[in-house]
Amino acid sequence: MKISEFFNKELIVTNLDAKCKEDVFDVLYKKLYENGFVKESYLEAIKKREKNFPTGLQLNRYNVAIPHTDPEHVVKPAIAVATLKNPVIFKNMANPLEDVEVNIIFMIALNESHSQVEMLQQLTSLIQDEKLLEEIARVNGGEQIIDILKIRN
């Protein structure tokens with residue numbers, strides 16, 4: 001399955017004014033839940049997992065976080081996206097003692113654990129493309145982000 005098939009314009013929030021990562025989790029969870037992608041238990045599970053296994057990635061100009069949790073909290077697979085007005089702090093995946101100022105969040109909802117590795121590989125190649133991240137950070141609206149991702153995928 002191509003990664004672009006996991007994105008849905010209803011699950012994308014651009015220029016979100018969030019104070020902390022929990023604000024982002026709340027907004028993206030609400031989108032996922034209202035559109036039937038995740039169970040009620042997903043929000044608590046994602047917050048708990050993030051505490052134990054941070055997902056902030058220190059890249060170049062645009063830092064990214066890829067929060068995700070176990071398949072039992074997911075109804076059908078999707079990736080919710082938020083671009084932020086101002087960065088929020090996540091702990092660094094590589095060194096949990098370090099803070100990372102994150103600009104873009106890809107919140108992953110997968111209902112099969114074996115699909116996680118392939119999806120993360122595809123997502124990793126996307127987020128290593130700084131030009132792509134810059135385009136995503138600049139646009140307004142989910143439709144434009146979907147178009148950018150489909151061109152690249």
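Notes on the structure in this doc start here. (Residues numbered from 1 in each chain as written. Predicted model: local features only at pLDDT ≥ 70, side-chain atom pairs only at ≥ 80, totals over all residues. Heavy atoms only, no water.)

### Some thoughts on the overall build of the protein
In step 1: Scanning the protein from N- to C-terminus turns up five helices and five strands.
In step 2: When the helices and strands of the protein are listed from N to C terminus, the series reads β-α-α-β-β-β-β-α-α-α.
In step 3: Computed over C-alpha atoms, the radius of gyration of the protein comes to 14 Å, within 12% of the 15 Å expected from 2.2 N^0.38 for 153 residues, which places it in the range of a compact globule.
In step 4: Principal-axis analysis of the C-alpha atoms gives the protein an extent of 35 × 35 × 30 Å.
In step 5: Here the protein, with 153 residues, has 48% of them falling under the buried criterion.
In step 6: About 7,900 Å² of surface is accessible on the protein, with carbon and sulfur atoms providing 47% of the total.
In step 7: Seen as two clouds, the 19 positive and the 23 negative side-chain charges of the protein have centres 2 Å apart. (Helix = DSSP H or I, 4+ residues; strand = E, 2+ residues; numbered from the N terminus. Rg over C-alpha atoms; globule rule 2.2 N^0.38 Å. Buried < 20%, exposed > 50% of the residue type's maximum accessible area, 1.4 Å probe, protein only. Areas by Shrake-Rupley, 256 points an atom, 1.4 Å probe, with all protein chains shown as cover. Lys, Arg positive; Asp, Glu negative; His and termini not counted. Charge placed at Lys NZ, Arg CZ, Asp CG, Glu CD.)

### Description of the packing of aromatic side chains
In step 1: If you walk through the whole model with that rule in mind, you get three aromatic pairs.
In step 2: Sitting over the ring of Phe-90, Lys-21 keeps its end group 5.9 Å from the ring centre.
In step 3: Positioned over the ring face of Phe-37 is Lys-76, at 4.9 Å from the centre of the ring. (Phe/Tyr/Trp six-rings, centres within 6.5 Å; stacked < 30°, edge-to-face > 60°. Lys NZ or Arg CZ within 6 Å of the ring centre and 35° of its normal.)

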